[in-house]
Amino acid sequence: MEKTQTVTGRVHRRDDRDLAALSGSAAPLALSYLTPVEVAVHRARYPGRTLGAVAFGAESPRDAAPDCPCAWVDMPVLNDESAMFEVWTSAHPVVREDAGEFVAARNEDILFGCLQIKLDRRLDAASYLAYTRIFDFIDSLDYGHLLRVWNYFPRITADADGLERYAWFNIGRHRAFAAKGRVIGADTPAACALGSRGNDLVIYFLAAKRAGQLVENPRQTSAFRYPAQYGPCSPTFARARLLQTAGNSVLFVSGTASIVGHATLHPGNAPAQANETIANIRAVIAQARLAGLECSGANANLLLKTYLRHPRDFAMVRDCLKQAFGPATSVLYLQADVCRADLLLEVEAVYSNAFAPRH
């Protein structure tokens, strides 16, 4: 028995071969973007195998699985749904590891964790507190390498005591890396930072026992080497991280925008920024192939998350991404403030030759 359902412009099939394929995969994890209805189906099909789920939408999800770490980001969805979930699934059963403000789950290779901090203090203090706690948590469990981090907080480009809030966030994050003995550059994860609604700093992350490979973009200055015009401390993230296990490759591409060198290109021009962003994503994937990324060249296992400052740009950006990567590529569209006031969009990616659950 099988049925089909259209999600984000794609028709996904569900049949019993999916579970067998995931069980037989050597990949440590897989990503899906799902509607609330599909999340319930997913839980039933992969019991005890969800590393974590992140809900996007204007309201907190009413039903979060008790066996699944779940975060909520107050960020409007631009797909034809009021809410969407980002779901990370393990090929094998997972173990819960909740501790204080953390909710987490892990398999033998990967740990997913999330935390939420009230912004009742300056943002540099909040990000320092969050990251030092993250490092203490993952180190205690021997998953000491951050692969990918998502950071969401409100009013990201607003001024606070003479600096943008994003600059304050970067100060605290950078200091936490230094305080916990991480080498800026070598130990930096793929990451993004976007402006959400609400009053909280929401962070979720993937950590691993192995570091994975750093991947940079030859078209761009490494973010951790940005000049002082972007703040007292450079943003502490890599353009991408490549994880390879047992013949499977997973590339985590950071939030990517219309930046060449370290400068914004095409301010105010959304179509040109979309095309520049696509060129940067392609450049990162090309570099990852040189580093050993094994992918077929098809985009069946390419998943994109796209942040748009203005909903009016949705149709245009959707068409640009379809033309660049094909209609089979799964894309989640969200409305968010980007970390530079002159950027209209940002796109992140996960690119893999491993099995991805279908819905």
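Residues numbered from 1 in each chain as written. Predicted model: local features only at pLDDT ≥ 70, side-chain atom pairs only at ≥ 80, totals over all residues. Heavy atoms only, no water.

Draft legend 1. Region of the structure containing the overall build of the chain. For the chain, the count of helices and strands is 6 helices and 22 strands. Within the chain, the fraction of its 359 residues that count as buried is 58%. Counting contacts in the chain only where the partners sit at least 6 residues apart, residues at least 24 apart contribute 77% of the total. Accessible surface, the chain: about 13900 Å² in total, of which carbon and sulfur atoms supply 50%. (Helix = DSSP H or I, 4+ residues; strand = E, 2+ residues; numbered from the N terminus. Buried < 20%, exposed > 50% of the residue type's maximum accessible area, 1.4 Å probe, protein only. Contact = heavy atoms within 4.5 Å. Areas by Shrake-Rupley, 256 points an atom, 1.4 Å probe, with all protein chains shown as cover.)

Draft legend 2. Examining the sheet that holds strand β6 (residues 83-89) more closely. As summarised here, the arrangement of the 4 strands in space is β3-β6-β4-β5, forming an open sheet in which the pairing is mixed. Edge positions in the sheet fall to β3 (30-34) and β5 (70-74), since each has one partner strand and no second. Between one strand and the next, the sheet's axes are offset by a mean angle of 15°, whatever the strand orientation. Alignment of β3 against β6, held across 5 bridges, turns out to be antiparallel. Bridged to Ser 32 within β6 is Val 87. (Pairing = 2+ DSSP bridges. Axes fitted to C-alpha atoms, helices over the stretch in contact; angles between N-to-C directions.)

Draft legend 3. Molecular detail of the sheet that holds strand β10 (residues 145-154). With mixed pairing, 6 strands are arranged side by side in an open sheet as β7-β8-β9-β14-β10-β13. At either end of the open sheet lies a strand with only one pairing partner, and these are β7 (95-96) and β13 (190-196). Here β10 pairs with β13 via 7 bridges, running parallel. Across the sheet, Tyr 152 pairs through a bridge with Leu 194, a residue of β13. Each of β8 (103-106), β9 (110-118), β10 and β14 (200-208) is contacted by helix α3 (residues 123-140), which is oriented at about 30° to β14, the strand it contacts most.

Draft legend 4. Representation of the confidence of the model for the chain within the structure. In the predicted model, the chain carries a mean pLDDT of 89, and 88% of its residues have values of at least 70. Between residues 1-24, whose pLDDT stays under 50, and residues either more than four places distant or in other chains, the model counts 61 contacts. (pLDDT = per-residue confidence, 0-100.)

Draft legend 5. Quick look at the packing of aromatic side chains. Inspection of every chain in the model, using the stated rule, returns 17 aromatic pairs. With centroids separated by 5.9 Å and ring planes inclined at 55°, the aromatic side chains of Trp 88 and Trp 150 adopt a geometry described as tilted. You can see Trp 88 sitting in strand β6 and its partner Trp 150 sitting in strand β10, a full 62 residues away along the chain. Accessibility assignment for this pair places Trp 88 and Trp 150 in one class, buried. Seen from their ring centres, Phe 112 and Tyr 204 are 6.0 Å apart, and the 35° between their planes marks the pair as tilted. Of the two residues, Phe 112 is situated in strand β9 and Tyr 204 in strand β14; the sequence distance between them amounts to 92 residues. Under the relative-accessibility criterion, Phe 112 is labelled buried at 0%. Every member of this aromatic cluster is reached through a ring pair, and the members are Phe 56, Trp 88, Phe 112, Trp 150, Tyr 152, Tyr 204, Phe 252 and Tyr 307. Looking at Arg 122, its charged tip hangs above the ring of Trp 168, at a distance of 3.9 Å from the centre. Over the aromatic face of Phe 325 sits the side chain of Arg 282, whose NZ or CZ is 5.6 Å from the ring centroid. (Phe/Tyr/Trp six-rings, centres within 6.5 Å; stacked < 30°, edge-to-face > 60°. Lys NZ or Arg CZ within 6 Å of the ring centre and 35° of its normal.)

Draft legend 6. Focus on the pattern of salt bridges. Inspection of the entire model under this criterion finds 14 salt bridges. Asp 120 is the partner of Arg 121 in a salt bridge, and the nearest nitrogen-oxygen pair spans 3.3 Å. The exposed category is assigned to Asp 120, whose relative accessible area is 60%. Salt-bridge contacts for Glu 348 lead to Arg 148; the nearest nitrogen and oxygen are separated by 3.2 Å. (Salt bridge = Lys/Arg side-chain N within 4 Å of Asp/Glu carboxyl O.)

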